Amino acid sequence: MNNWEKNIRRVVPYTPGEQPNQQDMIKLNTNENPYPPAPGVAEALKNIETDALRLYPDPAAKDLVHAIAGEYGLSDEQVFVGVGSDDVLAMSFLTFFNSEKPILFPDITYSFYDVWADLFQIPYERPELDEHFHIKKEDYFRENGGIIFPNPNAPTGVSLPLDEIEEIISHNRDVIVIVDEAYVDFGTESALPLIDKYENLLVVQTFSKSRSMAGMRIGFAMGSPKLIAYLNDVKYSFNSYTMNRTSIAAGVAAIKDQAYFHETCDKIIETREWTKQELKSLGFSFEDSKANFIFASHANCPAKQLFQALREQHIYVRYFPGGRTDNHLRITIGTRKEMQTFLDFVKEYFKKENLWKF
Ligand SMILES: *Cc1c(COP(=O)(O)O)cnc(C)c1O
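Bear in mind that the values here come from a model prediction, so they are computed numbers and not experimental data.

In this fold, F358 is placed in the segment after α10 (336-352). The exposure class of F358 is partly exposed, given its relative accessible area of 48%. When sequence neighbours within four positions are dropped, the list of residues in contact with F358 reads L282, K347, F350 and K351.

What follows is the structure in C-alpha coordinates.
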(Lines give C-alpha, C1' and ligand atoms only; values in the text may rest on other atoms or scores of the structure.)
Protein backbone atom coordinates (compact mmCIF):
# COMPACT_ATOMS: atom_id res chain seq x y z
CA MET A 1 0.00 0.00 0.00
CA ASN A 2 1.30 3.49 -0.83
CA ASN A 3 1.79 5.86 2.09
CA TRP A 4 -0.77 8.23 0.67
CA GLU A 5 -3.36 5.47 0.81
CA LYS A 6 -3.08 5.00 4.55
CA ASN A 7 -5.37 7.86 5.50
CA ILE A 8 -8.01 7.32 2.91
CA ARG A 9 -11.59 6.69 3.95
CA ARG A 10 -12.18 3.27 2.50
CA VAL A 11 -15.74 2.16 2.04
CA VAL A 12 -17.65 -0.64 0.39
CA PRO A 13 -20.29 1.27 -1.55
CA TYR A 14 -23.98 0.53 -1.82
CA THR A 15 -24.87 -1.40 -4.99
CA PRO A 16 -27.92 0.11 -6.66
CA GLY A 17 -30.19 -2.12 -8.73
CA GLU A 18 -29.13 -2.26 -12.35
CA GLN A 19 -30.61 0.23 -14.80
CA PRO A 20 -30.79 -1.63 -18.10
CA ASN A 21 -32.24 0.19 -21.07
CA GLN A 22 -33.86 -2.06 -23.63
CA GLN A 23 -36.89 -1.25 -25.76
CA ASP A 24 -38.71 -4.42 -24.87
CA MET A 25 -37.71 -4.77 -21.21
CA ILE A 26 -40.03 -5.24 -18.27
CA LYS A 27 -38.33 -3.51 -15.39
CA LEU A 28 -39.44 -4.87 -12.03
CA ASN A 29 -36.11 -4.56 -10.21
CA THR A 30 -35.90 -1.16 -8.48
CA ASN A 31 -39.42 -0.49 -7.19
CA GLU A 32 -40.11 2.33 -9.60
CA ASN A 33 -43.69 3.32 -10.30
CA PRO A 34 -45.01 2.07 -13.66
CA TYR A 35 -47.21 5.17 -14.11
CA PRO A 36 -45.99 8.60 -15.19
CA PRO A 37 -45.82 11.50 -12.71
CA ALA A 38 -48.94 13.65 -12.21
CA PRO A 39 -49.86 15.64 -15.36
CA GLY A 40 -49.08 18.90 -13.56
CA VAL A 41 -45.41 17.88 -13.40
CA ALA A 42 -45.03 18.01 -17.21
CA GLU A 43 -46.68 21.42 -17.17
CA ALA A 44 -44.32 22.68 -14.46
CA LEU A 45 -41.30 21.43 -16.41
CA LYS A 46 -42.52 23.20 -19.56
CA ASN A 47 -42.74 26.44 -17.61
CA ILE A 48 -39.17 26.32 -16.28
CA GLU A 49 -37.41 29.46 -17.48
CA THR A 50 -34.00 28.53 -18.76
CA ASP A 51 -32.69 32.00 -17.99
CA ALA A 52 -33.46 31.52 -14.30
CA LEU A 53 -30.94 28.66 -14.20
CA ARG A 54 -28.21 31.34 -14.03
CA LEU A 55 -29.29 31.92 -10.48
CA TYR A 56 -28.83 29.66 -7.48
CA PRO A 57 -32.02 28.03 -6.28
CA ASP A 58 -33.66 28.86 -2.94
CA PRO A 59 -31.39 27.05 -0.43
CA ALA A 60 -34.38 26.40 1.84
CA ALA A 61 -36.57 25.13 -1.05
CA LYS A 62 -39.39 27.00 0.71
CA ASP A 63 -42.02 26.41 -1.98
CA LEU A 64 -41.55 22.67 -1.82
CA VAL A 65 -41.32 22.57 1.98
CA HIS A 66 -44.49 24.64 2.19
CA ALA A 67 -46.37 22.44 -0.27
CA ILE A 68 -45.42 19.27 1.64
CA ALA A 69 -46.24 20.87 5.01
CA GLY A 70 -49.63 21.95 3.67
CA GLU A 71 -50.44 18.50 2.39
CA TYR A 72 -49.57 16.78 5.67
CA GLY A 73 -51.06 19.44 7.98
CA LEU A 74 -47.67 20.50 9.37
CA SER A 75 -45.84 23.78 9.80
CA ASP A 76 -42.93 24.53 7.48
CA GLU A 77 -40.57 24.13 10.46
CA GLN A 78 -41.50 20.44 10.63
CA VAL A 79 -40.35 19.57 7.10
CA PHE A 80 -36.89 18.97 5.62
CA VAL A 81 -36.27 18.20 1.94
CA GLY A 82 -33.36 16.52 0.17
CA VAL A 83 -32.11 14.94 -3.04
CA GLY A 84 -34.12 11.75 -2.70
CA SER A 85 -34.64 10.17 0.68
CA ASP A 86 -31.14 8.69 0.34
CA ASP A 87 -29.81 12.22 0.83
CA VAL A 88 -32.25 12.89 3.67
CA LEU A 89 -31.27 9.62 5.37
CA ALA A 90 -27.53 10.22 4.92
CA MET A 91 -27.89 13.68 6.49
CA SER A 92 -29.95 12.12 9.29
CA PHE A 93 -27.27 9.51 10.05
CA LEU A 94 -24.68 12.28 10.17
CA THR A 95 -26.85 14.53 12.36
CA PHE A 96 -28.47 12.12 14.78
CA PHE A 97 -26.27 9.04 15.16
CA ASN A 98 -23.23 10.24 17.07
CA SER A 99 -23.32 8.01 20.13
CA GLU A 100 -20.64 5.48 21.01
CA LYS A 101 -23.41 2.97 21.53
CA PRO A 102 -24.50 1.00 18.46
CA ILE A 103 -27.47 2.10 16.41
CA LEU A 104 -29.98 -0.65 15.67
CA PHE A 105 -31.57 -1.79 12.41
CA PRO A 106 -32.84 -5.19 11.22
CA ASP A 107 -30.51 -7.85 9.77
CA ILE A 108 -32.61 -7.86 6.61
CA THR A 109 -33.41 -4.32 5.54
CA TYR A 110 -32.52 -1.49 3.18
CA SER A 111 -28.91 -2.25 2.30
CA PHE A 112 -27.85 1.40 2.42
CA TYR A 113 -28.07 1.62 6.24
CA ASP A 114 -24.89 -0.32 6.97
CA VAL A 115 -23.11 1.57 4.16
CA TRP A 116 -23.88 4.95 5.77
CA ALA A 117 -23.02 3.59 9.20
CA ASP A 118 -19.62 2.45 7.88
CA LEU A 119 -19.08 5.69 5.96
CA PHE A 120 -19.76 7.81 9.06
CA GLN A 121 -18.04 5.31 11.37
CA ILE A 122 -21.16 4.71 13.43
CA PRO A 123 -21.25 1.42 15.37
CA TYR A 124 -24.31 -0.72 14.67
CA GLU A 125 -26.05 -3.96 15.57
CA ARG A 126 -28.60 -5.79 13.48
CA PRO A 127 -31.31 -7.67 15.41
CA GLU A 128 -32.63 -10.61 13.38
CA LEU A 129 -36.10 -10.57 11.91
CA ASP A 130 -38.13 -13.60 12.99
CA GLU A 131 -38.59 -16.57 10.63
CA HIS A 132 -41.50 -14.77 8.95
CA PHE A 133 -39.34 -11.69 8.35
CA HIS A 134 -41.16 -9.71 11.06
CA ILE A 135 -39.43 -7.16 13.27
CA LYS A 136 -39.40 -8.29 16.92
CA LYS A 137 -40.07 -5.06 18.78
CA GLU A 138 -38.45 -6.27 22.01
CA ASP A 139 -35.09 -6.37 20.23
CA TYR A 140 -35.23 -2.57 20.17
CA PHE A 141 -35.92 -2.11 23.88
CA ARG A 142 -32.24 -2.26 24.84
CA GLU A 143 -29.66 0.50 25.14
CA ASN A 144 -28.60 1.90 21.78
CA GLY A 145 -27.36 4.98 19.95
CA GLY A 146 -30.41 5.36 17.72
CA ILE A 147 -32.85 3.28 15.70
CA ILE A 148 -33.82 3.12 12.04
CA PHE A 149 -36.10 0.77 10.13
CA PRO A 150 -38.30 1.03 7.06
CA ASN A 151 -42.04 0.57 7.42
CA PRO A 152 -43.00 -1.44 5.49
CA ASN A 153 -39.59 -3.07 5.58
CA ALA A 154 -37.56 -3.57 2.40
CA PRO A 155 -37.00 -5.95 0.71
CA THR A 156 -39.57 -7.99 2.65
CA GLY A 157 -42.63 -5.73 2.28
CA VAL A 158 -43.71 -6.62 5.81
CA SER A 159 -45.17 -3.76 7.82
CA LEU A 160 -45.16 -3.12 11.55
CA PRO A 161 -48.43 -1.97 13.17
CA LEU A 162 -48.43 1.57 14.51
CA ASP A 163 -48.93 0.50 18.13
CA GLU A 164 -45.73 -1.58 17.96
CA ILE A 165 -43.85 1.35 16.44
CA GLU A 166 -45.08 3.51 19.30
CA GLU A 167 -43.87 0.91 21.79
CA ILE A 168 -40.41 1.04 20.21
CA ILE A 169 -40.37 4.85 20.38
CA SER A 170 -41.65 4.98 23.95
CA HIS A 171 -38.83 2.64 25.02
CA ASN A 172 -36.32 4.94 23.30
CA ARG A 173 -36.93 8.49 24.47
CA ASP A 174 -33.20 9.26 24.75
CA VAL A 175 -32.21 8.54 21.14
CA ILE A 176 -33.50 9.44 17.69
CA VAL A 177 -35.86 6.95 16.08
CA ILE A 178 -36.16 7.15 12.28
CA VAL A 179 -39.00 5.45 10.43
CA ASP A 180 -38.18 5.19 6.71
CA GLU A 181 -41.57 5.27 5.02
CA ALA A 182 -40.45 4.89 1.40
CA TYR A 183 -43.39 2.53 0.72
CA VAL A 184 -45.96 3.70 3.27
CA ASP A 185 -48.41 5.01 0.64
CA PHE A 186 -49.10 1.49 -0.62
CA GLY A 187 -51.19 0.61 2.40
CA THR A 188 -49.35 1.01 5.71
CA GLU A 189 -50.33 3.31 8.55
CA SER A 190 -47.84 6.19 8.80
CA ALA A 191 -46.10 7.09 12.05
CA LEU A 192 -46.57 10.77 11.18
CA PRO A 193 -49.31 11.40 13.81
CA LEU A 194 -46.73 10.46 16.48
CA ILE A 195 -44.34 13.33 15.73
CA ASP A 196 -46.32 15.73 17.94
CA LYS A 197 -46.06 13.33 20.84
CA TYR A 198 -42.41 12.29 20.38
CA GLU A 199 -39.90 15.05 19.69
CA ASN A 200 -37.26 12.38 18.91
CA LEU A 201 -39.17 10.74 16.04
CA LEU A 202 -38.24 11.43 12.41
CA VAL A 203 -40.47 10.16 9.59
CA VAL A 204 -38.80 9.99 6.16
CA GLN A 205 -40.67 9.68 2.86
CA THR A 206 -39.84 9.96 -0.84
CA PHE A 207 -41.29 11.02 -4.19
CA SER A 208 -39.45 8.13 -5.87
CA LYS A 209 -41.98 5.35 -5.41
CA SER A 210 -45.58 6.44 -4.78
CA ARG A 211 -45.19 9.73 -6.66
CA SER A 212 -43.49 8.25 -9.74
CA MET A 213 -40.49 10.57 -9.57
CA ALA A 214 -37.39 8.45 -8.92
CA GLY A 215 -35.61 10.35 -11.70
CA MET A 216 -36.25 13.74 -10.12
CA ARG A 217 -34.65 12.89 -6.74
CA ILE A 218 -36.89 14.33 -4.01
CA GLY A 219 -37.17 13.02 -0.47
CA PHE A 220 -38.37 14.61 2.75
CA ALA A 221 -38.36 14.22 6.50
CA MET A 222 -41.03 15.25 8.97
CA GLY A 223 -40.45 15.75 12.68
CA SER A 224 -40.36 18.23 15.51
CA PRO A 225 -39.08 21.74 14.64
CA LYS A 226 -36.05 20.98 16.83
CA LEU A 227 -35.06 17.86 14.88
CA ILE A 228 -35.60 19.63 11.57
CA ALA A 229 -33.46 22.59 12.70
CA TYR A 230 -30.59 20.24 13.64
CA LEU A 231 -30.87 18.55 10.25
CA ASN A 232 -30.78 21.90 8.48
CA ASP A 233 -27.67 22.95 10.40
CA VAL A 234 -25.84 19.87 9.13
CA LYS A 235 -27.18 20.25 5.62
CA TYR A 236 -26.00 23.88 5.44
CA SER A 237 -22.60 22.70 6.66
CA PHE A 238 -22.38 20.25 3.79
CA ASN A 239 -24.17 21.57 0.70
CA SER A 240 -26.62 24.49 0.92
CA TYR A 241 -28.15 24.19 -2.54
CA THR A 242 -29.33 20.62 -2.59
CA MET A 243 -32.65 21.16 -4.34
CA ASN A 244 -32.42 22.54 -7.86
CA ARG A 245 -35.01 24.82 -9.45
CA THR A 246 -36.44 22.05 -11.59
CA SER A 247 -37.01 19.59 -8.77
CA ILE A 248 -38.59 22.25 -6.56
CA ALA A 249 -41.09 23.16 -9.30
CA ALA A 250 -41.82 19.55 -10.25
CA GLY A 251 -42.16 18.53 -6.61
CA VAL A 252 -44.69 21.25 -5.86
CA ALA A 253 -46.76 20.22 -8.89
CA ALA A 254 -46.68 16.55 -7.85
CA ILE A 255 -47.78 17.19 -4.29
CA LYS A 256 -50.70 19.33 -5.42
CA ASP A 257 -52.34 16.54 -7.40
CA GLN A 258 -53.61 14.33 -4.61
CA ALA A 259 -56.35 12.80 -6.75
CA TYR A 260 -53.83 11.41 -9.25
CA PHE A 261 -51.58 10.24 -6.42
CA HIS A 262 -54.36 8.24 -4.77
CA GLU A 263 -55.57 6.86 -8.08
CA THR A 264 -52.14 5.48 -9.07
CA CYS A 265 -51.42 4.10 -5.59
CA ASP A 266 -54.80 2.33 -5.65
CA LYS A 267 -54.03 0.80 -9.04
CA ILE A 268 -50.70 -0.53 -7.78
CA ILE A 269 -52.30 -1.96 -4.64
CA GLU A 270 -54.95 -3.68 -6.75
CA THR A 271 -52.33 -5.14 -9.11
CA ARG A 272 -50.25 -6.26 -6.12
CA GLU A 273 -53.15 -8.16 -4.57
CA TRP A 274 -53.95 -9.81 -7.91
CA THR A 275 -50.27 -10.71 -8.42
CA LYS A 276 -50.20 -12.34 -4.96
CA GLN A 277 -53.05 -14.67 -6.00
CA GLU A 278 -51.34 -15.54 -9.27
CA LEU A 279 -47.99 -16.19 -7.57
CA LYS A 280 -49.70 -18.45 -5.03
CA SER A 281 -51.24 -20.52 -7.78
CA LEU A 282 -47.78 -20.94 -9.27
CA GLY A 283 -46.53 -22.28 -5.94
CA PHE A 284 -44.63 -19.25 -4.66
CA SER A 285 -44.54 -18.37 -0.99
CA PHE A 286 -44.14 -14.91 0.49
CA GLU A 287 -45.09 -12.79 3.45
CA ASP A 288 -47.97 -10.36 3.03
CA SER A 289 -46.40 -7.35 1.34
CA LYS A 290 -47.77 -3.85 1.88
CA ALA A 291 -45.25 -2.30 -0.50
CA ASN A 292 -45.05 -2.01 -4.30
CA PHE A 293 -43.11 -5.26 -4.49
CA ILE A 294 -43.41 -8.88 -3.39
CA PHE A 295 -40.50 -10.80 -1.87
CA ALA A 296 -41.12 -14.35 -2.98
CA SER A 297 -39.47 -17.76 -3.01
CA HIS A 298 -40.34 -21.05 -4.65
CA ALA A 299 -39.74 -24.50 -3.18
CA ASN A 300 -38.88 -26.10 -6.54
CA CYS A 301 -36.94 -23.37 -8.26
CA PRO A 302 -33.86 -21.62 -6.86
CA ALA A 303 -34.26 -17.83 -6.96
CA LYS A 304 -30.99 -17.40 -8.81
CA GLN A 305 -32.06 -19.75 -11.59
CA LEU A 306 -35.38 -17.96 -12.12
CA PHE A 307 -33.67 -14.56 -11.89
CA GLN A 308 -31.36 -15.55 -14.74
CA ALA A 309 -34.09 -17.09 -16.86
CA LEU A 310 -36.17 -13.90 -16.50
CA ARG A 311 -33.17 -11.75 -17.27
CA GLU A 312 -32.57 -13.54 -20.56
CA GLN A 313 -36.13 -12.54 -21.47
CA HIS A 314 -35.34 -8.93 -20.51
CA ILE A 315 -37.61 -9.22 -17.49
CA TYR A 316 -35.68 -7.70 -14.60
CA VAL A 317 -36.35 -8.47 -10.93
CA ARG A 318 -34.02 -8.04 -7.95
CA TYR A 319 -32.00 -10.84 -6.42
CA PHE A 320 -30.01 -10.44 -3.17
CA PRO A 321 -27.52 -13.32 -3.09
CA GLY A 322 -26.34 -14.82 0.18
CA GLY A 323 -27.71 -15.16 3.69
CA ARG A 324 -31.39 -15.46 4.46
CA THR A 325 -32.45 -13.64 1.28
CA ASP A 326 -30.60 -16.00 -1.06
CA ASN A 327 -33.65 -17.91 -2.24
CA HIS A 328 -35.93 -14.92 -2.73
CA LEU A 329 -36.72 -12.56 -5.57
CA ARG A 330 -38.02 -9.07 -5.02
CA ILE A 331 -40.56 -8.41 -7.73
CA THR A 332 -41.71 -4.83 -8.21
CA ILE A 333 -45.37 -4.32 -9.05
CA GLY A 334 -45.66 -2.92 -12.57
CA THR A 335 -48.78 -2.42 -14.65
CA ARG A 336 -51.27 -5.27 -14.82
CA LYS A 337 -50.06 -5.98 -18.37
CA GLU A 338 -46.41 -6.16 -17.29
CA MET A 339 -47.28 -8.49 -14.43
CA GLN A 340 -49.27 -10.69 -16.81
CA THR A 341 -46.26 -10.98 -19.14
CA PHE A 342 -44.02 -11.78 -16.18
CA LEU A 343 -46.42 -14.43 -14.85
CA ASP A 344 -46.94 -15.98 -18.29
CA PHE A 345 -43.22 -16.38 -18.69
CA VAL A 346 -42.82 -17.94 -15.24
CA LYS A 347 -45.63 -20.37 -15.95
CA GLU A 348 -44.13 -21.43 -19.28
CA TYR A 349 -40.71 -21.75 -17.71
CA PHE A 350 -42.01 -23.94 -14.87
CA LYS A 351 -43.80 -26.13 -17.41
CA LYS A 352 -40.76 -26.46 -19.62
CA GLU A 353 -38.48 -27.27 -16.69
CA ASN A 354 -41.07 -29.50 -15.05
CA LEU A 355 -40.97 -27.50 -11.82
CA TRP A 356 -44.64 -27.25 -11.04
CA LYS A 357 -47.75 -29.34 -11.75
CA PHE A 358 -50.54 -27.43 -13.46
C1 LIG B 1 -36.06 3.46 -2.43
C2 LIG B 1 -35.75 3.60 -0.98
C3 LIG B 1 -35.18 4.74 -0.44
C4 LIG B 1 -34.56 5.83 -1.25
O5 LIG B 1 -35.26 6.37 -2.21
P6 LIG B 1 -34.85 7.74 -2.89
O7 LIG B 1 -35.04 7.46 -4.32
O8 LIG B 1 -33.46 8.11 -2.54
O9 LIG B 1 -35.85 8.69 -2.32
C10 LIG B 1 -35.03 4.82 0.92
N11 LIG B 1 -35.39 3.83 1.73
C12 LIG B 1 -35.90 2.70 1.25
C13 LIG B 1 -36.27 1.62 2.19
C14 LIG B 1 -36.09 2.54 -0.12
O15 LIG B 1 -36.55 1.39 -0.60
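So much for the structure itself; the text now carries on.
What surrounds the ligand is the set G84, S85, D86, L89, Y110, D180, A182, Y183, T206, S208, K209 and R217. Here an oxygen atom of the ligand sits 2.9 Å away from a polar atom, N or O, in the main chain of D86. Take S208: an N or O atom from its side chain is 2.6 Å from an oxygen atom of the ligand. Out of a free accessible area of 390 Å², the ligand has 92% covered by protein chains. By residue number, the principal contributor to the shell around the ligand is helix α3 (residues 84-96), which donates four residues.

The next subject is the packing of helix α2 (residues 62-72) against helix α7 (residues 245-256). Helices that pack against each other are described as a pair by the angle of their axes relative to one another and the distance between those axes. Close contact between α2 and α7 brings their axes to 8 Å; oriented N to C, the two are set at 15°. Considered as vectors, α2 and α7 are oriented roughly parallel to each other. Where α2 crosses over α7, the handedness of that crossing is left-handed. Residues D63, L64, A67, I68, E71 and Y72 of α2 pack against I248, G251, V252 and I255 of α7. Taken together, the residues that form the contact of α2 with α7 break down as seven nonpolar, one polar and two charged.

With that out of the way, let us pick up the UniProt feature "domain: Aminotransferase class I/classII large" (unreviewed entry) in the chain. Mapped onto the present numbering, the UniProt feature "domain: Aminotransferase class I/classII large" (unreviewed entry) falls at residues 24-344. Between the end C-alpha atoms of residues 24-344 there is a gap of 16 Å, over a span that is 36% helix and 14% strand.

Pairing is antiparallel in the open sheet, where four strands are placed in the order β9-β10-β13-β12. Sheet topology places β9 (284-286) and β12 (318-319) at the edges, where each strand pairs with a single neighbour. By the bridge criterion, two bridges tie β12 to strand β13 (residues 329-332) in an arrangement that is antiparallel. Bridge pairing in β13 places Y319 opposite L329. Its contacts with the sheet place helix α8 (residues 258-281) against β9, β10 (293-298) and β13, and it is angled at close to 130° to β9. Taken strand by strand, α10 contacts β9, β10 and β13, and its axis lies near 145° from that of β13.

The next subject is unusual backbone geometry. The omega angle of the peptide bond from N151 to P152 is -5°, so this bond is cis rather than trans. Structurally, P152 can be placed in the loop between β5 (147-150) and α5 (162-170). The linkage connecting A154 with the following residue, P155, adopts the cis geometry, with an omega of 5°. Looking at where P155 falls in the secondary structure, it is placed in the loop between β5 and α5. Phi is positive for N31, which is not a glycine, with a value near 60°. Here N31 shows up in the loop between β1 (26-27) and α1 (39-46). Residue classification places N31 among the buried residues on the basis of a relative accessible area of 1%. Positive phi outside glycine occurs at F133, with the angle close to 65°. The exposure class of F133 is buried, given its relative accessible area of 9%.

Rules behind the numbers
Residues numbered from 1 in each chain as written. Predicted model: local features only at pLDDT ≥ 70, side-chain atom pairs only at ≥ 80, totals over all residues. Heavy atoms only, no water. Helix = DSSP H or I, 4+ residues; strand = E, 2+ residues; numbered from the N terminus. Buried < 20%, exposed > 50% of the residue type's maximum accessible area, 1.4 Å probe, protein only. Contact = heavy atoms within 4.5 Å. Near = heavy atom within 4 Å. Polar contact = N/O pair within 3.5 Å; in protein donor to acceptor, adjacent residues only side chain to side chain. Areas by Shrake-Rupley, 256 points an atom, 1.4 Å probe, with all protein chains shown as cover. Axes fitted to C-alpha atoms, helices over the stretch in contact; angles between N-to-C directions. Parallel < 35°, antiparallel > 145°, perpendicular 65-115°, else oblique. Left-handed = near helix turned anticlockwise from the far one by under 90°. Nonpolar A, V, L, I, M, F, W, Y, C, P; charged D, E, K, R; others polar. UniProt positions renumbered as here; feature names shortened; annotations may be inferred. Pairing = 2+ DSSP bridges.

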